[in-house]
Amino acid sequence: MERAAGMGGGKGQMDEKQIVKEGLSEYFIFTIEGTETVPNGWSKRLRSIEAAAAPIKIQYRYRPNEYGDQLVRMYLLTNDEKSQLGSSPLPDGLVKVFRDNGRSGLSYLAQQQIKYIPIGDKIELNLGVDPEVIFELIKLRVFRDELWLQINGRP
């Protein structure tokens, strides 16, 4: 947890605290067991969704009308019980994506503002351009199908 909070100092890893989610009308309350000390001006992250538990599908998309003239990497999830997410709707908010950097720490990948996601709906997180993927658009052929010719008003 210290590693996720960015405050690791070579200490042993603490036990992860349980986060309890309770429904209150259309709102949800997230309760963290025990107490947490956060110094003034600092922030602390607690893990609520484990990436290994939520199956993520990676998809590359080329859609000039949506993303401009570039190939973007998307993480696709579904808010359902099978994905271990769908016990409640996901509220509006900012989703930040991190990955393990291999040195007992986290590396920031991307963030995206999401809207309310009901149980069963899909989540699409745009991670932007992948610097390790080379994208080159090659036009193989151009043709027209069902071409009609009209001369002097007659088909």
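Everything quoted here is computed from the prediction, not taken from an experiment. (Residues numbered from 1 in each chain as written. Predicted model: local features only at pLDDT ≥ 70, side-chain atom pairs only at ≥ 80, totals over all residues. Heavy atoms only, no water.)

**Q** How do you make sense of the pairing of strand β5 (residues 93–100) when you look at a structure like this?
**A** Residues in a regular strand project their side chains so that they alternate between the two faces of the sheet. Relative to strand β6 (residues 106–114), β5 runs antiparallel, the two being bridged by eight bridges. By the bridge assignment, K96 is partnered in β6 with Q111. Two successive antiparallel strands, β5 and β6, enclose a turn made up of five residues, where G102 displays a positive phi of approximately 85°. (Pairing = 2+ DSSP bridges. Helix = DSSP H or I, 4+ residues; strand = E, 2+ residues; numbered from the N terminus.)

**Q** Sorry, what's going on with the sheet that holds strand β3 (residues 57–62) here?
**A** Adjacent strands of a sheet form backbone hydrogen bonds with each other and so pair up, either parallel or antiparallel. Pairing is antiparallel in the open sheet, where three strands are placed in the order β3-β4-β7. Each end of this open sheet is capped by a strand with a single partner; those strands are β3 and β7 (122–128). Between one strand axis and the next, the sheet turns by 30° as a mean value, whatever way the strands run. (Axes fitted to C-alpha atoms, helices over the stretch in contact; angles between N-to-C directions.)

**Q** What is the right way to look at the nonpolar core in this model?
**A** Soluble globular proteins tend to bury their nonpolar side chains together. Ranked by size, the top nonpolar core spans twelve residues in total: A54, Y75, L77, L85, L90, V97, A110, I114, I117, I123, L125 and L127. Secondary-structure elements contributing two or more residues to this core are β4 (71–78), β6 and β7. At three residues, β7 tops the list of elements feeding residues into this core. Those residues in contact with Y75 that sit more than four places away from it in its chain are I56, K57, I58, V97, L109, I123, E124, L125 and L127. (Core = buried A, V, L, I, M, F, W, Y, C linked by side-chain atoms within 4.5 Å. Buried < 20%, exposed > 50% of the residue type's maximum accessible area, 1.4 Å probe, protein only. Contact = heavy atoms within 4.5 Å.)

**Q** Would you take a moment to explain the pairing of β4 for this structure?
**A** A large share of β4 lies buried, amounting to seven of its eight residues. With six bridges connecting them, β3 and β4 associate as antiparallel partners. In the strand pairing of β4, Q59 is matched with M74. Pairing between β4 and β7: six bridges, direction antiparallel. By the bridge assignment, T78 is partnered in β7 with K122.

**Q** Which parts of the structure should I look at to understand the environment of V38?
**A** Examined against the element boundaries, V38 turns out to sit in the loop between β2 (27–32) and β3. For V38, the residues in contact, after removing those within four places along its chain, are S43 and K44.

**Q** Any chance you could explain unusual backbone geometry here in plain terms?
**A** Of all residues except glycine, most have a negative phi; of all peptide bonds, most are trans. Its identity is not glycine, yet S104 carries a phi of approximately 60°, on the positive side. Summarising the element assignment, S104 is placed in the loop between β5 and β6. By relative accessible area, which is 61% here, S104 ends up exposed.

**Q** Can you walk me through the side chain of S83 in this structure?
**A** Structurally, the position occupied by S83 is in the loop between β4 and β5. Only 3.2 Å separates the side chain of S83 from the backbone oxygen of T78, close enough to count as a polar contact. The contacts of S83, once residues within four sequence positions are left out, are A53, A54, P55 and T78. (Polar contact = N/O pair within 3.5 Å; in protein donor to acceptor, adjacent residues only side chain to side chain.)

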